[in-house]
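Fold and contact review
Read off the chains here:
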Amino acid sequence: MEIDVKKILLDNFKIDKSLINLSDTVMEEIEPYIKELSGITEYNQLKVIQSMISSNVGDFHLNDSTGYGYGDIGRECIEGVYSRVFGAEDALVRPQIVSGTHAIALCLFGVLRPGDELLSVTGEPYDSLKDTISGENVGSLANFHINYSKVDLADGKPDYKAIEESISDKTKMVLIQRSKGYSLRDALSIKEIGKIIKKVKSVNKDIVCFVDNCYGEFVDTMEPSEVGADLCAGSLIKNPGGGIAPTGGYIVGKRDLIEQCIYRLYAPGLDKDCGPTIATNRLTLQGLFLAPLIVGEVLKGSIFISRLLEHLNFDVYPKFNEKRHDIVTSVVLGNPELLISFCQGFQKAGPIDAKVLPEPWAMPGYENEVIMAGGSFIQGASIELSVDAPIRKPYVAYIQGGLNFTHIKLGTLLALQEVIEKGFLHLPIKTNDLS
Ligand SMILES: *Cc1c(COP(=O)(O)O)cnc(C)c1O
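Okay, so let's go over this structure. Worth saying up front: this structure is predicted, and the values here are computed from it rather than measured.

Below, the discussion takes up the pairing of strand β11 (residues 386–390). Burial within β11 is extensive, with five of its five residues counted as buried. Going residue by residue along β11, you find S386, D388 and P390 tucked away on one face and V387 and A389 tucked away on the opposite face as well. Sheet topology places strand β10 (residues 370–373) next to β11; four bridges connect them, and they run antiparallel. Along β11, the bridge assignment pairs A373 with V387. The sheet contact formed by β11 and strand β12 (residues 396–400) spans three bridges and is antiparallel. Counted as the bridge partner of V387 is I399 from β12. The loop that links β11 with its antiparallel partner β12 comprises five residues; one of these, Y395, has a positive phi angle of about 60 degrees.

Structure below.
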């Protein structure tokens, strides 16, 4: 019997026939690009397996601890695996780190002291870090007399000359954001990150080069520590948690810096030996094991989204045939109502909360109202299919995650179907003959 995928999309999901036909065309077009990705996935999968073998992971490491968490050999083993996978001296992988923002804040507060300066070399850092850096009366870096300055990107690329010129004798730490975050710039390649670090170290080798690695893990075959980053942080409900880790964050890097971060996480004097894992060791490890595969699915999905939306004349970043450096696909929708419909359509594909209608809201830590469509097994997990959009010009939807390609494809089709039904896109679809 022939498998009729079209019929189920048409009859059960009520997706318009012309949209399905376009999707089929896109599938053919993207095939060679998807094939290229499989090398990265396989490489990273082998790297993770080898790190687990070298760390002698045993069945007993999957157990957890309570209370102070002393003698948690599972936690120690996982931190060893992370160090190996990321090519770093040491690692902290903890359920007490609640998010990427928290992991990054630990690195900033762990390393910087009054009078020091933090220099962001990739423009304004991710929205949620504003309060951490410059918030009023919240115990921000500014409140502790730690200065901040930034070097903007030039045409979306690192401005090496301006970076060199902006370093002063106060500069203690340089912040490099790998992913594009909520902006339209390209994500940085590992090569570019290495080049920035080299430049910074050539001015002063003692400057701590810190990478916000959120959304970047396993997109390439190397991680920032392998090109000289001193410290690097991210969230376990993004890439490295593989959709399985229920919460947590990680920091990898130089041993002495990791020590400073742990004093900030717990208390000065409370070191790596404490920190209960409660019920996370098995899930953290299983998530890491699956992460290369899941990131590969997300990247395939990203290529599909880009090509489909390019056909419909939307501005998409990155283009379908450009190399990915993070897991975010940005689509410029240009109009707030269209943006909201697009997100609401996406929500309809959720395995969880498909019938919830997402609305823009004032999210803590973000400047504009944000609409978030998702429906994830783990609250807020953006390695699961999700669309975030700050309600501000030029009305861009940031699409990320997806635990399997079919789901990402369905979400995109339902988003466009909603846009068609709301009258923002007209049938029959006028496609852009891109050739
Ligand atoms: C998601 C993200 C963060 C913040 O992580 P949360 O887990 O949402 O707090 C920081 N930087 C970048 C680039 C991100 O993508």
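As a further point, take the packing of aromatic side chains. Tallied over the full model, the rule gives nine aromatic pairs. Here K319 stacks its cationic end above the ring of Y317, 4.6 Å away from the centre of that ring.

A few words on a nonpolar patch on the surface. Together, I3, V5, I8 and F13 make up an exposed nonpolar region whose accessible area comes to about 380 Å². Considering the arrangement of structural elements, one finds F13 in the loop between α1 (5–12) and α2 (17–54).

Another point: the site of the ligand. Around the ligand sit 13 residues, and of these G100, T101, D212, Y215 and K238 come closest. Residue K238 places a side-chain N or O atom 3.1 Å away from an oxygen atom belonging to the ligand. Considering the ligand on its own, with 370 Å² of exposed area, one finds that the protein chains cover 90% of that surface. In terms of residues, the shell around the ligand owes the most to one element, helix α4 (residues 100–111), which gives three residues. Residues belonging to the shell around the ligand are distributed by class as follows: four nonpolar, seven polar and two charged.

Thresholds, definitions, all that
- Residues numbered from 1 in each chain as written.
- Predicted model: local features only at pLDDT ≥ 70, side-chain atom pairs only at ≥ 80, totals over all residues.
- Heavy atoms only, no water.
- Buried < 20%, exposed > 50% of the residue type's maximum accessible area, 1.4 Å probe, protein only.
- Helix = DSSP H or I, 4+ residues; strand = E, 2+ residues; numbered from the N terminus.
- Pairing = 2+ DSSP bridges.
- Phe/Tyr/Trp six-rings, centres within 6.5 Å; stacked < 30°, edge-to-face > 60°.
- Lys NZ or Arg CZ within 6 Å of the ring centre and 35° of its normal.
- Patch = residues over 30% accessible without salt bridge, like charges linked within 9 Å, V, L, I, M, F, W, Y side chains within 5 Å.
- Areas by Shrake-Rupley, 256 points an atom, 1.4 Å probe, with all protein chains shown as cover.
- Salt bridge = Lys/Arg side-chain N within 4 Å of Asp/Glu carboxyl O.
- Near = heavy atom within 4 Å.
- Polar contact = N/O pair within 3.5 Å; in protein donor to acceptor, adjacent residues only side chain to side chain.
- Nonpolar A, V, L, I, M, F, W, Y, C, P; charged D, E, K, R; others polar.

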